[in-house]
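What the coordinates show
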Amino acid sequence: QVQLVESGGGLVQPGGSLRLSCAASGSIFRIDTMAWYRQAPGKERELVASITRDRVTNYADSAKGRFTISRDNAKNTLYLQLNSLKPEDTAVYYCNVQVFTLTRTFKDAWGQGTQVTVSS
């Protein structure tokens, strides 16, 4: 009913940059808050950044000053610009969206995850 397709992950050297994208489709009436989470092996999934429909943003301390979250409401797409990447940023990054469907049913949707690896 609601599908999320993530892209943009990959292998990058320390100090490099990537831009992640998450495109939502399906039975969407309105998307409220959108967010990026990440999870490294052996660690809990953690919030990286979130953005409301009106583009109010919130960042984890580890992301402040390096990452930028943004969205295109017309395209139902979420972005995460990753700059000054460090090895400790290596993780699977997951897109999360809070959706009201065309029938006004609430859906907490997750993407499949995209791997970000920071290594020299």
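Residues numbered from 1 in each chain as written. Predicted model: local features only at pLDDT ≥ 70, side-chain atom pairs only at ≥ 80, totals over all residues. Heavy atoms only, no water.

1. Digging into the overall build of the protein
- Per the secondary structure count, the protein includes 0 helices and 11 strands.
- Ordering the α and β elements of the protein from the N terminus gives β-β-β-β-β-β-β-β-β-β-β.
- A globule of 120 residues ought to have a C-alpha radius of gyration of about 14 Å, and the protein, at 14 Å, matches this closely.
- Considering only C-alpha atoms, the protein reaches an extent of 50 × 25 × 25 Å along its principal axes. (Helix = DSSP H or I, 4+ residues; strand = E, 2+ residues; numbered from the N terminus. Rg over C-alpha atoms; globule rule 2.2 N^0.38 Å.)

2. Regarding the sheet that holds strand β7 (residues 67-72)
- Here 4 strands make up an open sheet; going across it, the order is β1-β3-β8-β7 and the pairing antiparallel. A single partner strand is all that each edge strand has here, and the edge strands are β1 (2-7) and β7. Within the sheet, the average angular offset between the axes of one strand and its neighbour, ignoring direction, is 15°.
- Here 6 bridges tie β1 to strand β3 (residues 18-26), and the two strands are oriented antiparallel to one another. Bridge assignment links Q3 to a residue of β3, and that residue is S25. (Pairing = 2+ DSSP bridges. Axes fitted to C-alpha atoms, helices over the stretch in contact; angles between N-to-C directions.)

3. Brief notes about the pattern of salt bridges
- A full pass over the atoms with the stated rule returns 5 salt bridges.
- Put simply, R38 and D89 hold a salt bridge, and the shortest N to O gap is 3.0 Å. Of this pair, R38 sits in strand β4 (residues 30-39) while D89 sits in the loop between β8 (77-82) and β9 (91-100), and the two are 51 residues apart along the sequence.
- A salt bridge links D61 to K64; its shortest N-O distance comes to 3.2 Å. (Salt bridge = Lys/Arg side-chain N within 4 Å of Asp/Glu carboxyl O.)

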